[in-house]
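Reading the structure
Next come the chains, spelled out residue by residue.
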Amino acid sequence: MESTTTKPEEAATEKPVVSRRLDRVFLELYNVAVFVGRFFKEVLVPPYEGREIIRQFFEVGYKSLGLISLTGFITGIVFTNQSRPSLAEFGATSWLPSLIAIAIVRALAPLVTALIASGKVGSNIGAELGSMKVTEQIDAMEVSATNPYKFLVVSRVLATTFMIPTLTMYTIFVAMVGAFINVNANEATSFPAFIEQFFGAITYLDVFSSVIKSFVFGFTIGMVGCYKGYHSSKGTEGVGKAANSSVVTSMFLVFIEELLALQIVAALRAV
Amino acid sequence: MKRTEEHIDYNNVVISIRDLRKSFGDLHVLRGVDLDVYQGENLVVLGRSGTGKSVLIKIIVGLLKPDAGTVNVLGHNVDSLSVKELDQLRLKIGFSFQSSALYDSMTIRENLEFPLVRNVRNLGRQEINRAVEEALEDVGLSQTINQMPSELSGGQRKRIGIARTLILKPDIMLYDEPTAGLDPITSNDINNLINEVQERHRATSIIITHDLTCAKETGDRLAMLLDGRFERQGTFDEVFATNDERVQQFYHYNFIE
């Protein structure tokens, strides 16, 4: 007698394409949730990977200083230069330091720092962990009774979470220097006058929201890089994909988070 | 067979596997594997690529979970151990990876120190240095101590990988394709090293390979994985004394004398 039951593989192939894709999306979301949840579980439980955490702070922070300095400085100069003609039309170039301060502190510094870190640090983490995964280094760590998640993921995510806000503060400083040089060369504004206007325009909420936002950006960049690397498929192609995907995903998420932060801060201002 | 079997204790089963099954989707890799490994013996697991040889030792060390069956290692059921207990057991097992799996970002010294520093408490700097130097001497690569893994040849990397596992003086050694990708002379060096490890450290070893020279040189006993089961076990000559076409094909394509 012919069987009327459907084999599991037949059922799978009969499933509509959209449904199968949705399954994959939800499975991926579940895996991401488990991966992120594990961080909060592991970060508080000893043993702590002190040496590795310090090494990662150095890798993320110190080794990004050159690039951050250059991009922050150029951002300051370019933004000042591009804002001048609009203000000049109203004879308001004296407001340049205030405008620059608000733009840099509220949006440009956290965003520029996060985007540079996504490209430099995120891709580096994705490629490094991806390479460790395909060459069985993560397995080797596990069989030598070391928790690879704690050693590799927790240390890197902590480093990005704490170093990105620090780098953001540094970006504000170098962008301010760049802006001052431009303003000083064109409007002959003195340094004390520039500083007074610059800091007079920003509030504690501006600085506070910028720092908090940077913590979230840092956590996102570290977590995305680690997730992509840790789940990299076999082979060199997988490593390349992990690095690339780390950058694209973290940049995308940074912009989404920026948009959310904008709404939250606007609501706080209205209170 | 390679030499006398005096060092093997046939009354002491170190690894015992019963009805082990493992599938990846529709691919049924292990279909009821039974195996006993005795104290002090070198057991070679033979089989074609993709037959589940590496999967087997990854289950033994707890890197993969079986779908069914039991794996007993040194009296512990691997699948039922807590993370802490599994880590304790893993300290007694050395795993030499096919790709050597040396940590790229660390020097050879740091690679060897890694398991030692993390797992042995109250060790002084001098003791660590001595252990690292001894492990490197064991594999004849003392001069590489300050080099990076990327500066070493494939054979040297394999040896350092073995040295890293030996530093914790394991009771069991698992070798995943120890001679894969190596020239015949380097392969012979690795085979000799595996035998030295057995003699010097009295370790029980499972050697995963499809290289019959390696199997003949290192194995006290062979087990051949065919269609997800160990269908043939015994000495080298016993395993290949059959008309089974799959076994004969395996033999002839290995160009062994």
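Residues numbered from 1 in each chain as written. Chains lettered and ligands numbered in written order. Predicted model: local features only at pLDDT ≥ 70, side-chain atom pairs only at ≥ 80, totals over all residues. Heavy atoms only, no water.

Looking at an unreviewed UniProt entry, chain B carries the name ABC transporter ATP-binding protein, with the source organism given as Fibrisoma montanum.

Within an unreviewed UniProt entry, the label attached to chain A reads ABC transporter permease, and the organism entered is Fibrisoma montanum.

Here we take up the overall build of chain B. Helix and strand counts for chain B stand at 9 helices and 10 strands. Scaling as 2.2 N^0.38, a compact globule of 257 residues should have a C-alpha radius of gyration of about 18 Å, and chain B matches this with 18 Å. If one aligns the C-alpha atoms of chain B with their principal axes, the spans along those axes are about 55 × 45 × 40 Å. Expressed as a percentage of its 257 residues, the buried residues of chain B come to 54%. Roughly 11,700 Å² of accessible area belongs to chain B as shown, and the carbon and sulfur atoms make up 45% of that amount. (Helix = DSSP H or I, 4+ residues; strand = E, 2+ residues; numbered from the N terminus. Rg over C-alpha atoms; globule rule 2.2 N^0.38 Å. Buried < 20%, exposed > 50% of the residue type's maximum accessible area, 1.4 Å probe, protein only. Areas by Shrake-Rupley, 256 points an atom, 1.4 Å probe, with all protein chains shown as cover.)

Another point: the layout of surface pockets. Empty pockets left among the atoms are what a rolling probe the size of a water molecule brings to light. All names here are of chain A. Space inside the second largest pocket adds up to approximately 390 Å³. Residue lining of the second largest pocket: 16 residues in total, with Val32, Val224, Tyr227, Thr249 and Leu253 positioned closest to the centre. Sorting the residues of the lining of the second largest pocket by element identifies α2 (17–42), α9 (204–230) and α10 (236–270) as the ones contributing at least two each. In terms of residue class, the lining of the second largest pocket is made up of 11 nonpolar, 2 polar and 3 charged. (1 Å grid on protein atoms, 1.4 Å probe; cavity = no way out; pocket = protein on both sides within 12 Å on 5 of 7 lines; lining within 4 Å. Points joined across faces, edges and corners; volume = space filled by probe spheres on them. Nonpolar A, V, L, I, M, F, W, Y, C, P; charged D, E, K, R; others polar.)

Now for a nonpolar patch on the surface. Residue and element names in this part refer to chain A. On the surface, Phe252, Leu253, Ile256, Leu260, Ile264 and Leu268 cluster together into a nonpolar patch covering about 560 Å² of accessible area. Structurally, the position occupied by Leu268 is in helix α10. Taking relative accessible area as the criterion, Leu268 reaches 47% and is therefore assigned partly exposed. (Patch = residues over 30% accessible without salt bridge, like charges linked within 9 Å, V, L, I, M, F, W, Y side chains within 5 Å. Salt bridge = Lys/Arg side-chain N within 4 Å of Asp/Glu carboxyl O.)

Our focus in this paragraph is the environment of Ser250 of chain A. All names here are of chain A. Residue placement: Ser250 occurs in helix α10. Placed 25 residues apart in sequence, Ser250 and Gly225 show a C-alpha to C-alpha distance of 7.8 Å. Those residues within four positions of Ser250 in sequence are excluded, and the remaining contacts are Ser118, Ile221, Val224 and Ser245. A polar contact is formed between the side chain of Ser250 and the backbone oxygen of Ser246, at a distance of 2.6 Å. (Contact = heavy atoms within 4.5 Å. Polar contact = N/O pair within 3.5 Å; in protein donor to acceptor, adjacent residues only side chain to side chain.)

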